[in-house]
Amino acid sequence: MYQNLLMNPARLLTPTSSSVRKNFACSLLLILLFTWVLPLSAAESKRPNIVLIMADDLGFSDLGCYGSEIKTPNLDAIAGQGLRFTQFYNTAKCHSSRVSLLTGLYCDQAGGAQLNRGATIAEVLSKSGYSTAMTGKWHLDQQPTDFGFQRYWGHLSGATNFFIGDDTFRLNGEKWEVPKTHKGRPFYTTHAITDFALDFLEARNKKQPFLLYTAYNAPHYPLQAPQNEVEKYDGVYDAGWDQLRIERHQRQLKSGLLPAKYKLSPRPEHIPAWDSLSKKEQQWEADRMEVFAAMVDVLDQNIGRLVDYLKKNGLFDNTLFLFCSDNGACPFERTRGRYLKPWDPNSYWTYDAAWANVGNTPFRLYKQNQHEGGISSPLIVHWPDGLKIQAGSFTTQPAHLVDFMATFIDLAGADYPQQIGDRQIDPLQGKSLLPIFKGETRSPHETLYFHFSTDRALRQGPWKIVSAKRGRWELYNIDEDRSELNDLAAQQPERVAAMAKEWFRIAKDQERLNKKNLAPAGKELKKLKFRKDTSSGSAKK
């Protein structure tokens, strides 16, 4: 009877028998079920899961698929099946990049580490029916569970000992003591971040799509890794930073990641030629780069564990998988315990500007600076059910961490709030990446703004002004000269002045920077010093 009614819905309006009249309501409910409820449920099930991974202090060229000699087969495979961005930007610093990733706003615009003018991706997506979880480094005020994450494990600090941790580890808001072993092996932070990510995925509400934000602390200093992982790279860096940088650039060109017109920037004056070092100094330098490589290798292994889980549970095809880094490679020399082995928990190795210059191949400068070496990040995107591009493609369309929020809102059908509790939320800064995922050219940002401390930049179309340590503004045509080798400021002073005016407008009106941070740029370039002289020696051999 119901089939006949559905085939002839007009009969519902003119019932001719008591039995039909008695079942009128049931029949109407069936029609509503088939026409409205079931399509809505299907649409709900098609919303993608989201796995967002951020590495820490990973340079533009530190993955195999971005030119490195470091073994990263899992990320390379994802890149080979997905999409790589060649002009994806961060903020050049750990905490500010996390603010922009979480809120879709520039750092100070969102209220900095307090997030008092921003909503987080977890808050927005949880309101739209997503389960939300985070593992890893927080580096902001309060805790992730105060900002929409239903589950959290990790450290609140900006850096931690990889073997013994620190006193900021938390599990769902409660203090968590770091054990000597975890899940049958010695505790190592990178492994544990993945262990808890997998636990949270297993414990999620399986009727909901999920957001998993995994913020690895690797390969941020201290440079520490298991002995067997370090020994895999024994001898790999003996040729030195000059040769390794050339080889990375050659791989970038051969793969099509970068065009030949993007030249390899020369070694800066503050980095000595490799051949000028003594054999003992060369050994020490090669040793600490081997540890960095091991940390990236272990990071990739753990991403492989996440991918395996998604595949085994039938989640991989409809999961939007994103991998990026918070800033360029780090130039800070802060080594302590140099003569301890890097698998000793009491060790505290770092590397400095020399190897950071390799990490940021082919660009100039480093973490903190707003030149391309400081703000350029890999971005790998994988989503079999959603990407409409040829597998292994590159996109040259510029994008920024602020774009993640807009993208997730677009995919989830979520609403961006104006207020959360007592927080008045600033208007969204980012733009959705979905058109790029579909193989389209999106309407670009008219302006991208950059700031950390006394380093500044602004990009409009192909043009970029940049100031290091409040030195004078430099001007580059990024389309032609992304390595920032041909400063055009003297040739186009009007363009520099107009762009600088816009930088100060954003800094004052949107970012609400204080008077000190609004000081004018200088008239001369500042002499930059990054690399400290240290005594030679090696502990690894």
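Provided above is the structure to which this section pertains.
Residues numbered from 1 in each chain as written. Predicted model: local features only at pLDDT ≥ 70, side-chain atom pairs only at ≥ 80, totals over all residues. Heavy atoms only, no water.

Visitor: Break down the overall build of the protein for me, with residues and values.
Guide: Looking only at helices and strands, the protein has 15 helices and 19 strands in total. Taking all 541 residues of the protein together, the buried fraction comes to 58%. Within the protein, residue pairs in contact and separated by at least 24 positions form 72% of the contacts whose partners lie at least 6 positions apart. Working note: accessible area of the protein is about 21,900 Å², and carbon and sulfur atoms make up 51% of it. (Helix = DSSP H or I, 4+ residues; strand = E, 2+ residues; numbered from the N terminus. Buried < 20%, exposed > 50% of the residue type's maximum accessible area, 1.4 Å probe, protein only. Contact = heavy atoms within 4.5 Å. Areas by Shrake-Rupley, 256 points an atom, 1.4 Å probe, with all protein chains shown as cover.)

Visitor: Please provide a residue-by-residue account of the sheet that holds strand β19 (residues 474-477), values included.
Guide: Spatial strand order, β16-β17-β18-β19: four strands in an open sheet with antiparallel pairing. Two strands lie at the open edges of the sheet, namely β16 (448-452) and β19, each paired on one side alone. Geometrically, the sheet is characterised by an average inter-axis angle of 15 degrees between neighbouring strands, direction not taken into account. Relative to strand β18 (residues 463-467), strand β17 (residues 455-460) runs antiparallel, the two sharing five bridges. What sits directly across from Arg456, in β18, is Ser467. Sheet strands in contact with helix α15 (residues 493-509) are β16, β17, β18 and β19, and its direction is about 110 degrees off that of β17. (Pairing = 2+ DSSP bridges. Axes fitted to C-alpha atoms, helices over the stretch in contact; angles between N-to-C directions.)

Visitor: Could you give me a rundown of the packing of helix α4 (residues 73-81) against helix α10 (residues 279-312), with the residues and numbers involved?
Guide: Interhelical geometry of α4 versus α10 gives an angle of 55 degrees and a closest axis separation of 7 Å. Here α4 is positioned oblique relative to α10, judged by the angle of their axes. Residues Pro73, Asn74, Leu75 and Ile78 of α4 lie in contact with α10, whose contacting residues are Asp300, Gln301, Ile303, Gly304 and Val307. Within the contact of α4 with α10, the residues separate by chemical class into five nonpolar, three polar and one charged. (Parallel < 35°, antiparallel > 145°, perpendicular 65-115°, else oblique. Nonpolar A, V, L, I, M, F, W, Y, C, P; charged D, E, K, R; others polar.)

Visitor: Lay out helix α7 (residues 189-203) with the relevant residues and their values.
Guide: Spanning 15 residues, α7 covers 21 Å between terminal C-alpha atoms, matching the ideal 21 Å at 1.5 Å per step. A large share of α7 lies buried, amounting to twelve of its 15 residues. Residues of α7 that are buried include every one of Thr189, Thr190, His191, Ala192, Ile193, Thr194, Asp195, Phe196, Ala197, Leu198, Phe200 and Leu201, and no others. (Expected span 1.5 Å × (residues − 1).)

Visitor: Account for the packing of α7 against α10, with residues named and values stated.
Guide: Where α7 contacts α10, the two axes come as close as 9 Å, and the packing angle between them is 10 degrees. In terms of their interaxial angle, α7 and α10 are classed as roughly parallel. Residues Thr190, His191, Thr194, Asp195, Ala197, Leu198, Leu201 and Glu202 of α7 pack against Val298, Leu299, Asn302, Arg305, Leu306, Tyr309 and Leu310 of α10. Taken together, the residues of the contact of α7 with α10 sort by class into eight nonpolar, four polar and three charged.

Visitor: Got a sec to walk through the nonpolar core? Specific residues and values, please.
Guide: Leu63, Trp153, Tyr237, Ile303, Phe323, Trp355 and Ile380 are the most contacted members of the largest nonpolar core, which has 80 residues in total. Secondary-structure elements contributing two or more residues to this core are β1 (49-55), α4, α7, β9 (210-215), α9 (241-255), α10, β10 (319-325) and α11 (353-359). Considering each element in turn, this core owes the most residues, 16 residues, to α10. With sequence-adjacent residues up to four places away left out, Ile303 is seen in contact with Ile53, Leu75, Ile78, Tyr216, Phe321 and Phe323. (Core = buried A, V, L, I, M, F, W, Y, C linked by side-chain atoms within 4.5 Å.)

Visitor: Which residues make up the pattern of salt bridges, and what are the values?
Guide: Under the defined criterion, the tally for this structure stands at 28 salt bridges. Here Lys464 and Glu372 are joined by a salt bridge, their closest N and O atoms 2.7 Å apart. Of the two residues, Lys464 is situated in strand β18 and Glu372 in helix α12 (residues 372-375); the sequence distance between them amounts to 92 residues. Residue Lys464 is classed as buried on the basis of its relative accessible area of 1%. (Salt bridge = Lys/Arg side-chain N within 4 Å of Asp/Glu carboxyl O.)

Visitor: Quick rundown of the pairing of strand β4 (residues 151-155)? Include the residues and the values.
Guide: By the criterion of burial, β4 is predominantly enclosed, with four of the five residues buried. Bridging between strand β3 (residues 131-137) and β4 involves five bridges; their strand directions are parallel. Looking at the pairing, Ala133 lines up with Arg151 of β4. Taken together, the three bridges between β4 and strand β5 (residues 169-171) define a ladder with antiparallel strand orientation. Across the sheet, Gly154 pairs through a bridge with Arg170, a residue of β5.

Visitor: Any chance you could break down the environment of Asp146 for me, citing the residues and the numbers?
Guide: Within the element layout of this structure, Asp146 appears in the loop between β3 and β4. In this structure Asp146 comes out as partly exposed when scored by relative accessible area, which is 41%. Between the C-alpha atom of Asp146 and that of Gly173, which follows or precedes it by 27 residues, the distance is 8.4 Å.

The values are spatial; any link to function lies outside them.
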